[in-house]
Amino acid sequence: MIDASENRTTIAAAALCLGGILLFVGLAAAALLAQSGEGGANGLFDAYIWRVTRFTLLQAGLSTGLSILFAIPVSRALARRTSFPGRIWMLRLMALPLGLPALVAALGLIEVWGRRGLLNTALAAMGVEQPISIYGLFGILIAHVFFNMPLAARLMLAGLDRVPAEYWRSAANLGMGSLAIFRFIEWPAIRGLLPGIAGLIFMLCATSFTLVLTLGGGPAASTIEVAIYQALRFDFDPPRAIALSGLQVVLTGTLLVALKYLAPPPEEGTTSGRTTRRFDGLSRVSRLTDGAWLILAFLFVGLPFAAIAVSGIKADLARLVGEPALHRALATSIAIALPSAIISVAIAALMIHTQRLLIARRRPGRPVRLFAGTFSASTSFILLAPPVVLGAGWFLLLRPFGDVARFAPFVVIAINALMALPFVHRVLQPAMATHAVRTGRLAASLGIGGFHRLRWIDWPGLRKPLSMAFSFALALSLGDLGAVALFGSQDLATLPWLLYSRMASYRTADAAGLALILGLICLALTMLGTAGENAEGRRG
């Protein structure tokens, strides 16, 4: 039996993490408010704010719906086709958008969907005179689906992979067709994940900044996040920025609460632990349908990367690779990304475990349930705290202590770790819940706890989702430009910051080469996160 003192230590550690997160965000907001003095937010609810609020909700809702609708057939096809050539590379491709800076991805999308891009060139060759415009709502939706469909598909695929092997065997024995399997097995597994996935994507789209600024095309396609940036950057009106952040939290939080009650939590089926083997999807129609969805997803996600690669190859890569500036930027990026990813994964795992400990108590009271729910909510709502607000607040807090550059790496590490927390939580939470259900009684009956449980039971069962979460967090931190944009300098130059600097100085060829190098690094990280999946796929 797990020792009670071990539980108390775990809960205390998680409470300290939660307090640290709230303190980090609260101090930044308080510093901005204190700096602003009196007044400033009087015109918060003017016509402009209402317009950007409506557009924020519209584009985030449409982006979320389109991403999920696209992800369902793609994840289903990947789950049914466990051994086609290139499957592991398809999985790695689906993890790449997370790692690239939004600005680089936008350039790749423009190469495909822009006025002189591949699509419009093909349409013109077919005699279509009116080209597709990537700017405005259409471009924002394309970009958001490009980033979030692969994320949703990976999370849904992980859920389908956790369906017990007995379900597929029973479906085969009963002669269930494709539609029946989707209705009674696959959809319940996906439906339980939808609130978390939809909430995460909605928050990502609602707080989208670079893509809206690049592809929005003007004030008519602006969002609350852009209004926050304008309040800080052009007007230096911190009360208005804080009030807009509060409006963003309220709007998105209301949706998250609604989503939580719309769909029931996923049910964990009992299993003997046999290797999963599916017997469906063998008909010609199923193969053609799955193949069509996989090819469509491959082209949609892969073509912008191909455009980035073509542009990058034209750069003088030999000179770029030999530049000391690149070496320093790479070392700085790794020095920031590694601790950020470790902190993010450790905090997420600790909070998820603690939440389960609290709920598993006999008759947990309302305060205990509320405390447990705070852990999950905090990992989601942290995404709503704009990095520019956190960075500006901490810049003001640290300025009295001397040169802010001395503290900059630690602030960037903390912000990157917090920004990765929602992604890591979404990857680990369902996997840890399933693992706890399947191994909890075994560990309790054997009296295994502490390090021995971690070594013999938890690590073998959770190694795969932990690796995936770690690679996600690492890629996110490596590709981040938001936090380092405030603190970046010659002494603190990361790869995205160096890339942005080259673009700002119109050295576009160098920027394309750096984008290619950054993309290859992210690809290497996804290979780390998907290590072992190929072998499991072949066994399946």
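Named according to an unreviewed UniProt entry, the protein is Thiamine transport system permease protein ThiP originating from Sinorhizobium fredii. What UniProt records for the protein under Subunit (unreviewed entry) is the sentence "The complex is composed of two ATP-binding proteins (ThiQ), two transmembrane proteins (ThiP) and a solute-binding protein (ThiB)." Quoted verbatim from the Sequence similarities (unreviewed entry) field of UniProt, the annotation for the protein is "Belongs to the binding-protein-dependent transport system permease family."

**Description of the confidence of the model for the protein**
Mean pLDDT for the protein: 80, with 86% of residues reaching 70 or above. Per-element confidence in the protein is highest for helix α2 (residues 47–80), whose mean pLDDT is 91, and lowest for helix α23 (residues 533–539), whose mean pLDDT is 49. Taken together, the stretch residues 536–540 has pLDDT below 50 and engages in nine contacts with residues farther than four places along the chain or on a different chain.

**Describing the packing of helix α6 (residues 137–161) against helix α8 (residues 178–191)**
Their axes nearest at 9 Å, the elements α6 and α8 cross at an angle of 125°. Of the possible angle classes, the one that applies to α6 and α8 is oblique. Helix-helix and strand crossings are classified by hand; for α6 and α8 the assignment is right-handed. Of α8, the residues touching α6 (which contributes M156, G159 and L160) are E186, A189 and I190. Of the residues belonging to the contact of α6 with α8, the class tally is four nonpolar, one polar and one charged.

**Concerning the packing of aromatic side chains**
Both the distance between ring centres and the angle between the ring planes are used here to describe each pair of aromatic rings. Tallying each qualifying case throughout the model produces eight aromatic pairs. Arranged with centres 4.9 Å apart and planes meeting at 20°, the rings of F24 and W394 form a pair that is stacked. Pair noted here: F24 is in helix α1 (residues 4–36) and W394 is in helix α17 (residues 387–398), with a separation of 370 residues, a long-range link. Across this residue pair, the class does not change: F24 and W394 are buried. Summarising the aromatic geometry, the rings of F70 and F300 are spaced 5.7 Å apart at their centres and angled 65° between planes, so their arrangement reads as edge-to-face. Of the two residues, F70 sits in helix α2 while F300 sits in helix α13 (residues 284–313), which places them 230 residues apart along the sequence. For F70, a relative accessible area of 12% puts it in the buried group. Looking at F300, the relative accessible area reads 13%, which means it is buried. Of the aromatic side chains, those joined through ring pairs into one cluster are F70, W113, F138, W293 and F300.

The rules behind each value
Residues numbered from 1 in each chain as written. Predicted model: local features only at pLDDT ≥ 70, side-chain atom pairs only at ≥ 80, totals over all residues. Heavy atoms only, no water. UniProt positions renumbered as here; feature names shortened; annotations may be inferred. pLDDT = per-residue confidence, 0-100. Helix = DSSP H or I, 4+ residues; strand = E, 2+ residues; numbered from the N terminus. Contact = heavy atoms within 4.5 Å. Axes fitted to C-alpha atoms, helices over the stretch in contact; angles between N-to-C directions. Parallel < 35°, antiparallel > 145°, perpendicular 65-115°, else oblique. Left-handed = near helix turned anticlockwise from the far one by under 90°. Nonpolar A, V, L, I, M, F, W, Y, C, P; charged D, E, K, R; others polar. Phe/Tyr/Trp six-rings, centres within 6.5 Å; stacked < 30°, edge-to-face > 60°. Buried < 20%, exposed > 50% of the residue type's maximum accessible area, 1.4 Å probe, protein only.

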